[in-house]
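# Structure at a glance
Given next are the chains, with one letter for each unit.
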Amino acid sequence: MLNRTLRHIALPCLLLVVTFCKAQPTNPVRSIFPTDTRFIANVPYAGDTLKRHLLDIYLPAQMASKPPLVVWVHGGAWMLNDKYADMSYMKNTVRSILEKGYAFASIDYRYSTTAPFPAQIQDCNQALEFLYQNAAKYGYDRNRIALVGFSAGGHLASLLALSANNSISDFYINRKKPSFRIKTVVDFYGPSDFLALMRRDAPLSDTSVVTSESRLLGASPLRRPDLAKIASPVTYIDRNDPPFLIIQGEKDESVPAAQSVLLSSWLTLAQVKNRLIIVPGAPHYGTMFDSDFNRQAIFEWLDTYLK
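Residues numbered from 1 in each chain as written. Predicted model: local features only at pLDDT ≥ 70, side-chain atom pairs only at ≥ 80, totals over all residues. Heavy atoms only, no water.

As recorded in an unreviewed UniProt entry, the chain goes by Alpha/beta hydrolase and comes from Spirosoma pollinicola.

Structure representation (structure tokens):
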């Protein structure tokens with residue numbers, strides 16, 4: 001979510017449908033996946049030619065009949081990175097998704113620098129609807145979809161899943177509610193409440209400083225609390241929401257741990273199943289999140305809620 005995420009910017013992939021054992025060097029994540037993974041690259045989900053309206057689909061070579069689908073939403077302050085981001089430090093988790101027989105997809109969305117909110121959540125909804133409507137073509141179960149999001153992607157995954165019961169027409173590109181339903185969400189350190197994200201000791205003059213949040217909203221959350229509320233996942237929590245696994249770094253310098261605690265607390269009050277894991281000493285991102293402990297928790301969670 002910060003400038004440090006520039007380290008994870010990946011090059012676009014121009015491959016067609018191939019297996020990873022035949023992938024070209026320009027695919028930056030080819031070595032992460034099992035060599036026999038089937039890869040469908042750069043699928044246009046919005047019916048246009050925008051580079052940010054592409055997604056990738058990864059299918060296990062030995063795929064059971066209609067496996068669940070895990071959808072990856074990348075981070076990058078809503079203005080950086082692409083559909084390959086966050087995989088480099090989550091290699092073991094990513095690989096295990098395919099090894100355990102899940103189908104996998106990773107989506108792009110428009111940057112806040114070219115299209116302010118709600119363009120990003122519109123794109124995520126449109127990508128998920130495409131995956132839902134084309135499930136038979138690719139062979140996964142459209143009724144068993146999980147979202148996994150990181151930082152800004154965690155925010156978008158949470159916002160998408162939590163707002164679904166509220167039918168927010170501005171969140172849909174054609175103002176029509178999509179057909180899909182999300183079974184569960186794994187949220188890695190995504191902002192949950194933009195107003196609570198503001199530093200308590202920040203001087204009022206800070207409202208004029210451009211931050212990733214103000215660039216997303218087009219204004220400081222303190223100057224436009226109405227927009228901040230609309231864009232905050234906690235705004236939409238109700239008891240009909242899907243279960244959440246929330247994973248947060250204790251020493252996160254970008255998204256304070258309180259954001260994840262707050263999300264968990266609101267979900268608990270609404271009687272929504274959730275689990276919060278605070279990774280001791282962990283910063284905003286990194287290999288500490290790809291631990292055996294976290295990986296076991298993730299797959300226990302997915303196995304439970306994607307039955």
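## Examining the pattern of salt bridges
Proximity of charged atoms lets side chains of opposite charge pair with each other. A complete count under the given rule lists 9 salt bridges for this structure. Note that aspartate 170 is salt-bridged to arginine 175, the shortest N-O span being 2.5 Å. Residue class for aspartate 170 comes out partly exposed when judged on its relative accessible area of 40%. The class of arginine 175 is exposed, set by a relative accessible area of 52%. One salt-bridge network, held together by shared partners, links Asp290, Asp292 and Arg295. (Salt bridge = Lys/Arg side-chain N within 4 Å of Asp/Glu carboxyl O. Buried < 20%, exposed > 50% of the residue type's maximum accessible area, 1.4 Å probe, protein only.)

## Observations concerning the pairing of strand β9 (residues 274-279)
Where strand β8 (residues 244-249) lies against β9, 6 bridges are found, and the strand directions are parallel. Bridge pairing in β9 links leucine 245 to arginine 275. Note on the crossover from β8 through helix α8 (residues 257-269) to β9: the handedness is right-handed. (Pairing = 2+ DSSP bridges. Helix = DSSP H or I, 4+ residues; strand = E, 2+ residues; numbered from the N terminus. Right-handed = clockwise from strand over helix to strand, strands pointing away.)

## Examining the nonpolar core
Of all hydrophobic cores here, the largest spans 54 residues; its most connected members are Leu55, Leu128 and Ile182. Setting aside residues up to four positions removed in sequence, leucine 55 forms contacts with Ile40, Ala41, Asn42, Val43, Tyr45, Lys83, Ser106, Ile107, Ala127, Phe130 and Leu131. Phe33, Leu98, Tyr285 and Phe299 belong to the second largest nonpolar core, which has 36 residues in total. (Core = buried A, V, L, I, M, F, W, Y, C linked by side-chain atoms within 4.5 Å. Contact = heavy atoms within 4.5 Å.)

## Remarks on helix α4 (residues 152-163)
In this model, α4 (12 residues) spans 16 Å end to end at C-alpha, consistent with the 16 Å of a helix rising 1.5 Å per residue. Within α4, 12 of the 12 residues are buried, which leaves the element mostly enclosed by the surrounding structure. The complete set of buried residues in α4 reads Ala152, Gly153, Gly154, His155, Leu156, Ala157, Ser158, Leu159, Leu160, Ala161, Leu162 and Ser163. (Expected span 1.5 Å × (residues − 1).)

## Considerations on the pairing of β8
By the criterion of burial, β8 is predominantly enclosed, with 6 of the 6 residues buried. Residues Phe244, Ile246 and Gln248 of β8 are buried on one face, and the alternating residues Leu245, Ile247 and Gly249, pointing to the opposite face, are buried as well. Taken together, the 4 bridges between strand β7 (residues 184-188) and β8 define a ladder with parallel strand orientation. By the bridge assignment, aspartate 187 is partnered in β8 with isoleucine 246.

## What to know about the packing of aromatic side chains
Considering all chains together, one arrives at 19 aromatic pairs under this definition. Considering the side-chain rings of phenylalanine 117 and phenylalanine 171, the 5.8 Å spacing of their centres and the 80° angle between planes classify their relative orientation as edge-to-face. Highlighted residues: phenylalanine 117 in the loop between β5 (103-107) and α2 (119-133) and phenylalanine 171 in the loop between α4 and β7, separated in sequence by 54 residues. A single burial state applies to phenylalanine 117 and to phenylalanine 171, both of which are buried. The interplanar angle of 75° and the centroid separation of 6.1 Å between the aromatic rings of phenylalanine 188 and tyrosine 189 together place this pair among those described as edge-to-face. In this structure, phenylalanine 188 and tyrosine 189 share a single accessibility class: buried. A connected cluster of aromatic rings, assembled from ring pairs, spans Phe33, Phe39, Tyr58, Trp72, Tyr89, Phe104, Phe150, Phe188, Tyr189, Tyr285 and Phe289. Positioned above the aromatic ring of phenylalanine 299, the side-chain terminus of lysine 100 is 5.1 Å from the ring centre. (Phe/Tyr/Trp six-rings, centres within 6.5 Å; stacked < 30°, edge-to-face > 60°. Lys NZ or Arg CZ within 6 Å of the ring centre and 35° of its normal.)

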